[in-house]
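Listed here are the chains, written in short residue letters.
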Amino acid sequence: MIIQRVVLNSRPGKNGVPVAENFRMEAASLPDKITDGQVQARTLYLSVDPYMRCRMNEDTGSDYLLPWQLSEVADGGGIGVVEESKHANFAKGDIVTSFNWPWQTKVILDGRLLQKLDPQLVDGHLSYFLGAAGITGLTSFLGIKEKGHVTQGANQTMVVSGAAGACGSLAGQIGRLEGCSRVVGICGTDEKCSILVSEMGFDAAINYKKGNVAEQLHELCPAGVDVYFDNVGGDISDAVINQMNQNSHIILCGQISQYNKDVPYPPPLPPAVEEIQKARNITRERFLVLNYMDKHEASILQLCQWIKEGKLKVKETVVKGLENIGGKMLHHFLA
Ligand SMILES: NC(=O)c1ccc[n+]([C@@H]2O[C@H](COP(=O)([O-])OP(=O)(O)OC[C@H]3O[C@@H](n4cnc5c(N)ncnc54)[C@H](OP(=O)(O)O)[C@@H]3O)[C@@H](O)[C@H]2O)c1
């Protein structure tokens, strides 16, 4: 059987900005027959995520992330429909997912690597399983639960960077659902700011590409910042940390502004900012959603319930065509 797949064509270099030519689409063949324990599925959705930038390097800098190999198929979170199964847990027509779904039109996978999904949980909106009802939603929800110290009625102010991104837009809403009384987002366009406030229930949003972030934060967070959901790191985070209260908490979700740079993860704070962090006893512990696998199932149920109730608004970017996946990926790193 001939399929199409996307392989890593070249590496951008540790400090380089990725380009579309870093990926190549090509035809490949899959065996016509599957063996015991295997499942053949047709790919429906693939997730393109910032951490993939690290997988484009020879050394990802993380022990839990393997680098993609040159001329080999890339992979990541994916969903498909089973076409043939020789694994007892799966039957034709089942919707299945894996964290390591190859970027190809059809796949043959070991059934032990797959999880079955219940489309009813998302009212048939399957792509949500790669977003709000998948790792993205879990990251926002568990980040807040595990590292945010958010308490109902405590009158806390939350700031979210990368606020219009997949994790950020959910984090602000979940922060509110969990009890924050004020939620302020930071993102890169006026249009995104406006959507955060008018559709996602943020109290205010700052366009970091316009004006002075520190001044705007000061104005918009008059009681200081109690919880900071940090997706981006760098200058934006330095400005937020400056305005954080005593005994406040950073949810160290990601540091996207640093992913095209050869720096360790998490990148150290500049000395003056680190001094503030220590003097004010601000927690900044590493958070990794995969460390909480035992909480994923129950958390997905909560997220799906909020989505069904209309309490969690979801916006997605869906690009059609496997041939566009490399180009789509670049939007994450060229912002
Ligand atoms: N800890 C975990 O377990 C875990 C799990 C999943 C994801 N993450 C992390 O969560 C973060 C967000 O992921 P996501 O899936 O939500 O990404 P996303 O949907 O791609 O959103 C990220 C947004 O960040 C903004 N951005 C990009 N470069 C930036 C820069 N240099 N400075 C400031 N903002 C920049 C962009 O929007 P604007 O510039 O327009 O605002 C972009 O849309 C990433 O750092 C990712 O690695 C962590």
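Residues numbered from 1 in each chain as written. Predicted model: local features only at pLDDT ≥ 70, side-chain atom pairs only at ≥ 80, totals over all residues. Heavy atoms only, no water.

**Q** Go over the UniProt feature "domain: Oxidoreductase N-terminal" (unreviewed entry) in the protein with me, naming the residues and quoting the values.
**A** With numbering matched to this structure, UniProt assigns "domain: Oxidoreductase N-terminal" (unreviewed entry) to residues 5–116. Helix makes up 4% of residues 5–116 and strand 41%, and the two end C-alpha atoms of the span are 23 Å apart. (UniProt positions renumbered as here; feature names shortened; annotations may be inferred. Helix = DSSP H or I, 4+ residues; strand = E, 2+ residues; numbered from the N terminus.)

**Q** With reference to specific residues and values, describe the domain arrangement of the protein.
**A** Along its sequence, the protein is organised into domain 1 (2–130 + 316–334) and domain 2 (135–289). Centre-to-centre separation of domain 1 and domain 2, based on C-alpha positions: 30 Å. In this assembly, domain 1 packs against domain 2 so that about 980 Å² is buried in total across both faces, 52% of it on carbon and sulfur atoms. The largest per-residue losses of area from domain 1 upon contact with domain 2 belong to K14, N15 and Y64, which jointly make up 38% of the total buried on that side. Summed over the shared surface of domain 1 and domain 2, the result is one salt bridge. The partner of K14 in a salt bridge is D262, with the nearest N and O atoms 3.5 Å apart. Joining domain 1 to domain 2, the criterion identifies three residue pairs in polar contact (both at pLDDT 80 or more). Across the side of domain 1 that touches domain 2, the residue classes break down as nine nonpolar, four polar and two charged. (Domains from an automatic or database assignment. Buried area = accessible area lost by both parts, 1.4 Å probe. Salt bridge = Lys/Arg side-chain N within 4 Å of Asp/Glu carboxyl O. Polar contact = N/O pair within 3.5 Å; in protein donor to acceptor, adjacent residues only side chain to side chain. Nonpolar A, V, L, I, M, F, W, Y, C, P; charged D, E, K, R; others polar.)

**Q** Hey, could you go over the UniProt feature "domain: Alcohol dehydrogenase-like C-terminal" (unreviewed entry) in the protein for me, with residue numbers and the actual values?
**A** UniProt's entry tags residues 168–259 with the feature "domain: Alcohol dehydrogenase-like C-terminal" (unreviewed entry), counted in the numbering of this structure. Taken as a whole, residues 168–259 contains 40% helix and 27% strand, while its terminal C-alpha atoms sit 17 Å from one another.

**Q** I'd like a description of unusual backbone geometry, backed by residues and values.
**A** The omega torsion across Y265 and P266 is -10 degrees, close enough to zero to call that bond cis. Within the fold, P266 resides in the loop between β12 (244–252) and α7 (271–279). The phi dihedral of S71 falls on the positive side, at around 65 degrees, and the residue is not glycine. A positive phi is found at N281, a non-glycine position, where the angle reads about 55 degrees. With respect to the helices and strands, the residue N281 is situated in the loop between α7 and β13 (283–286).

**Q** Tell me what's going on with the packing of aromatic side chains, and back it up with residues and numbers.
**A** Geometrically, a pair of aromatic rings is defined through the distance of the ring centres and the angle of the planes. This model, assessed by the stated rule, comprises five aromatic pairs. An angle of 75 degrees between the planes, with centres 6.0 Å apart, marks the rings of F23 and W68 as edge-to-face. On the criterion of sequence distance, the pair formed by F23 in strand β2 (residues 23–29) and W68 in the loop between α1 (52–55) and β4 (75–85) is long-range, its members being 45 residues apart. Chaining the aromatic ring pairs together yields one cluster made of F23, W68 and W103. (Phe/Tyr/Trp six-rings, centres within 6.5 Å; stacked < 30°, edge-to-face > 60°.)

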